[in-house]
Amino acid sequence: MKAIVFERFGGPEVLELRDVADPKPAPDEVVVEVKACAINHLDLWVRQGLRGLDIEMPHILGNDVVGIAREVGAVVRHVKPGDRVLVCPTLSCGACPQCHAGDDNLCRQYDVIGRRRNGGYAERVAVPGANCLPYPENLDWTDAAAVPLVFLTAWHMLVGRAAIKPGEDCLVIGGGSGVGSAAVQIARMLGARVIATAGGPAKVDRLRALGAHDVVDHATEDVPARVRELTAKKGVEVVFEHVGGAVFEQAVGTLARNGRLVTCGATTGGKVQFDLNLLFGKHLALFGSWMGRRAELVEVLRFIRDGRLKPVVDSVMPLAEARRAHERIEAREHFGKVVLVP
Ligand SMILES: [Zn+2]
């Protein structure tokens, strides 16, 4: 089969289209014919070489897979060849206290398809049978591939961690990213007033169309000042953050008393400075968030199926152009998800 592989860590240029052996399913696995696979920032981090992540080379990226079950392992009961499936990207041991409690994202062996094990930048991928979820039949392949990781992440951040409530003000940083475009919709659906940030007039317009009540253009406007103005100096109850660096530092300053900031990433840098006086003086809470519980993906998929939440696809590219797709994301040209089609 054809697959995009890399053999050493580095920039987008390490991604190569190659012929590799077809995967074979273990008894508890399913081989899925990949119809679409979305790109996530996690792919870029793995390609660059995450600290402490040793993976077998050559490696195949890709967390968000949808497709058709082609070979089904002997002990998998709920999937048969020919079924359309949406693959849950998360992996956990299933046997530790955290897994038993349903907090599978806190499992010590927690992982994501395409991180250590091979993922979906390929014509076929073997996945644990338990990860094959019913396909959302209202969506086409490329829209469905744009759902799992970002909607799971955003749902866990806003619902599982920040416990957002109707009537609260929520600042979504980088609303045009994959995870940001999911957060804008989730916060709005749950009754919050959404203020989103984006760079440039085109993204500002698209965020309004997506449901943001107010959009601040971080390229031309002072974000903290605009948030103060929009909230009559109160600040926001919830900040949705994934950028890090100076953006994180500014975002802490936009919180209202008793506000919560939740973050799932630090694409511009993990080292930040802020005044602890602000943290206790304003009774703030800072939440880290990593992926989400499998049950939360099932929960958010209900709203995807009934159309209340919609995947946002920036562009669809052939698998062979994975390198160009990574370059587009690194250059922050995208709005929503970039999806590869084998
Ligand atoms: Zn576990």
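Below, the structure is looked at part by part.

The rules behind the values
- Residue positions are given per chain, counting from 1 as you read along its sequence in written order.
- Per-residue local features are limited, in this predicted model, to residues with pLDDT of at least 70; the limit for side-chain atom pairs, both in listing and counting, is 80 or more; totals at the level of whole chains, interfaces and linings are taken over all residues.
- Just so you know, side-chain values use all the structure's heavy atoms and leave hydrogens and water out.
- Every helix listed is a DSSP run of H or I at least four residues long, and every strand listed is a run of E at least two residues long, numbered separately from the N terminus.
- For every residue, the accessible area (1.4 Å probe, protein chains only) is compared with the maximum for its type, and the residue is labelled buried under 20%, exposed over 50%, or partly exposed between those bounds.
- We call two residues in contact when some of their heavy atoms are within 4.5 Å.
- Polar contacts, as counted here, are pairs of nitrogen or oxygen atoms within 3.5 Å of one another; within protein the pair requires one atom able to donate a hydrogen and one able to accept it, and residues that are adjacent in sequence qualify only if both atoms are side-chain atoms.
- In plain words, nonpolar cores are sets of buried Ala, Val, Leu, Ile, Met, Phe, Trp, Tyr and Cys residues tied together by side-chain atoms within 4.5 Å.
- Donor atoms are limited to N, O and S found within 2.8 Å of the metal ion, a distance that becomes 3.2 Å for Na, K and Ca. With water left out, some sites might look partial.
- Angle rules define the geometry names used: all angles between 85 and 135 degrees makes four donors tetrahedral, while opposite donors over 155 degrees apart and all other angles between 65 and 115 make four donors square planar and six octahedral, leaving every other case irregular.
- All axes here are fitted lines through C-alpha atoms, helices being fitted over the stretch that makes contact, and every angle between N-to-C directions spans 0 to 180 degrees.
- For classification purposes, an angle smaller than 35 degrees is called roughly parallel, one larger than 145 roughly antiparallel, one from 65 to 115 roughly perpendicular, and anything else oblique.
- Nonpolar residues are Ala, Val, Leu, Ile, Met, Phe, Trp, Tyr, Cys and Pro. Charged residues are Asp, Glu, Lys and Arg, and all others, Gly as well, are polar.
- Two strands form a pair only when DSSP identifies at least two bridges running between them.
- Multiply 1.5 Å by the residue count of a helix minus one, and that product is the helix's expected span.
- For this quantity, the arc is that covered by the directions from the helix axis to the C-beta atoms.
- Ring pairs are drawn from Phe, Tyr and Trp, using the six-membered ring of Trp, whenever the two centres fall within 6.5 Å, and their geometry is named by plane angle: stacked under 30 degrees, edge-to-face over 60, tilted for the rest.
- Only lysine NZ and arginine CZ atoms are considered, and such an atom sits over a ring when it is within 6 Å of the ring centre and within 35 degrees of the ring normal.
- Between Lys or Arg on one side and Asp or Glu on the other, a salt bridge is scored when a side-chain nitrogen of the former is within 4 Å of a carboxyl oxygen of the latter.

1. Here's the deal with the environment of Thr153
Relative to the elements of secondary structure, Thr153 occurs in helix 4 (residues 148-161). Of the residues examined, Thr153 reaches a relative accessible area of 5% and is grouped as buried. Expressed as a C-alpha distance, the spacing of Thr153 and Arg70, which sit 83 residues apart in the sequence, is 29 Å. Every residue in contact with Thr153, bar those within four places of it in the chain, is listed here: Val179, Cys264 and Met291. A polar atom in the side chain of Thr153 sits 2.7 Å from the backbone oxygen of Leu149.

2. Thoughts on the nonpolar core
Within the largest apolar cluster, 99 residues are counted, with the highest numbers of intra-cluster contacts made by Val32, Tyr121, Phe151 and Leu158. The greatest single-element share of this core, amounting to eight residues, is contributed by helix 4. Non-local contacts of Phe151, meaning those with residues more than four positions away in its chain, are made with Ala146, Ala182, Gln185, Ile186, Val300, Ile304, Leu309, Lys310 and Pro311. Ranked by size, the runner-up nonpolar core spans 16 residues in total, among them Leu171, Leu230, Phe248 and Val252.

3. Comments concerning the coordination of the zinc ion
When a metal holds four donors in a tetrahedron, each ideal angle between them is 109.5 degrees; when it holds six in an octahedron, the ideal angles are 90 or 180 degrees. Taken together, the protein ligands of the zinc ion are Cys93 (SG), Cys96 (SG), Cys99 (SG) and Cys107 (SG), with distances of 2.2 to 2.4 Å. Here the zinc ion binds four donor atoms, and the angle range of 104 to 117 degrees at the metal identifies the geometry as tetrahedral. Coordination of the zinc ion draws on donor residues from a single chain, spaced C-x2-C-x2-C-x7-C in sequence. Cys93 gets classed as partly exposed once you look at its relative accessible area, which sits at 30%.

4. Here we look at the packing of helix 4 against helix 10 (residues 294-305)
Between helix 4 and helix 10, whose axes approach to 9 Å, the crossing angle comes to 105 degrees. Classified by the angle their axes make, helix 4 and helix 10 are roughly perpendicular. Where helix 4 abuts helix 10, its residues Pro148, Phe151, Leu152, Trp155, His156 and Gly160 lie against Glu296, Leu297, Glu299, Val300, Phe303 and Ile304. Its residues assigned to classes, the contact of helix 4 with helix 10 shows eight nonpolar, two polar and two charged.

5. Re the sheet that holds strand 13 (residues 236-241)
Strands sit in the order 12-11-10-13-14-15 across an open sheet of six strands; the sheet is parallel. The outermost strands of the open sheet, each flanked by one partner alone, are strand 12 (214-217) and strand 15 (285-288). Shown here is a sheet whose adjacent strand axes are inclined to one another by a mean of 20 degrees, direction ignored. Sheet contacts for helix 7 (residues 223-230): strand 10 (169-172), strand 11 (193-198), strand 12 and strand 13; angle to strand 12, the most-contacted strand, approximately 155 degrees.

6. Quick word on unusual backbone geometry
The peptide bond linking Met57 to Pro58 adopts the cis configuration, its omega dihedral lying at -5 degrees. Residue position: Pro58 is located in the loop between helix 1 (41-48) and strand 4 (64-72). One non-glycine residue with positive phi stands out, namely Ala163, at about 45 degrees. Position of Ala163 among the secondary structure elements: in the loop between helix 4 and strand 10. Phi angles above zero are rare outside glycine, and Ala232 is one such case at about 50 degrees. Summarising the element assignment, Ala232 is placed in the loop between helix 7 and strand 13. Given the relative accessible area of 66%, Ala232 is considered exposed.

7. A word on the pairing of strand 8 (residues 124-128)
Most of strand 8 is tucked away: four of the five residues are buried. As paired elements, strand 3 (residues 29-38) and strand 8 share five bridges and run antiparallel to each other. In the strand pairing of strand 8, Val30 is matched with Val127.

8. Comments concerning helix 10
Under the 1.5 Å per step criterion, the end-to-end length of helix 10 is 17 Å for 12 residues, consistent within 8% with the ideal 16 Å. Turning to helix 10, its buried residues number three or more, namely Glu296, Leu297, Val300, Leu301, Phe303 and Ile304. Down the axis of helix 10, the buried side of the element spans an arc of 155 degrees, and every buried residue falls inside it. Gly307 occupies a position one or two residues after helix 10 and carries a positive phi of about 85 degrees.

9. Let's talk about the packing of aromatic side chains
Within the structure shown, the criterion is met by four aromatic pairs. Judged by centre distance (6.0 Å) and plane angle (50 degrees), the ring pair of Phe6 and Phe9 falls under tilted. Here Phe248 and Phe274 contribute two aromatic rings whose centre-to-centre distance is 6.2 Å and whose plane-to-plane angle is 50 degrees, an arrangement assigned as tilted. With Phe248 in helix 8 (residues 245-252) and Phe274 in the loop between strand 14 (255-263) and helix 9 (276-281), the pair connects residues that are 26 residues apart, well separated along the chain. Since its relative accessible area comes to 29%, Phe274 is described here as partly exposed. Just above the ring of Trp141 sits the side chain of Arg84; from NZ or CZ to the centre is 4.6 Å.

10. Observations concerning the pattern of salt bridges
Two side chains of opposite charge can pair, provided their charged atoms sit close to one another. Tallying each qualifying case throughout the model produces 24 salt bridges. Glu71 serves as the salt-bridge partner of Lys24, at 4.0 Å between the closest nitrogen and oxygen. Of the two residues, Lys24 sits in the loop between strand 2 (16-19) and strand 3 while Glu71 sits in strand 4, which places them 47 residues apart along the sequence. We classify Lys24 as exposed; its relative accessible area is 61%. The class of Glu71 is partly exposed, set by a relative accessible area of 26%. When the shortest N-O distance is used, the salt bridge between Asp169 and Arg193 registers 3.3 Å. You can see Asp169 sitting in strand 10 and its partner Arg193 sitting in strand 11, a full 24 residues away along the chain. Using a relative accessible area of 24% as the deciding quantity, one classes Arg193 as partly exposed.

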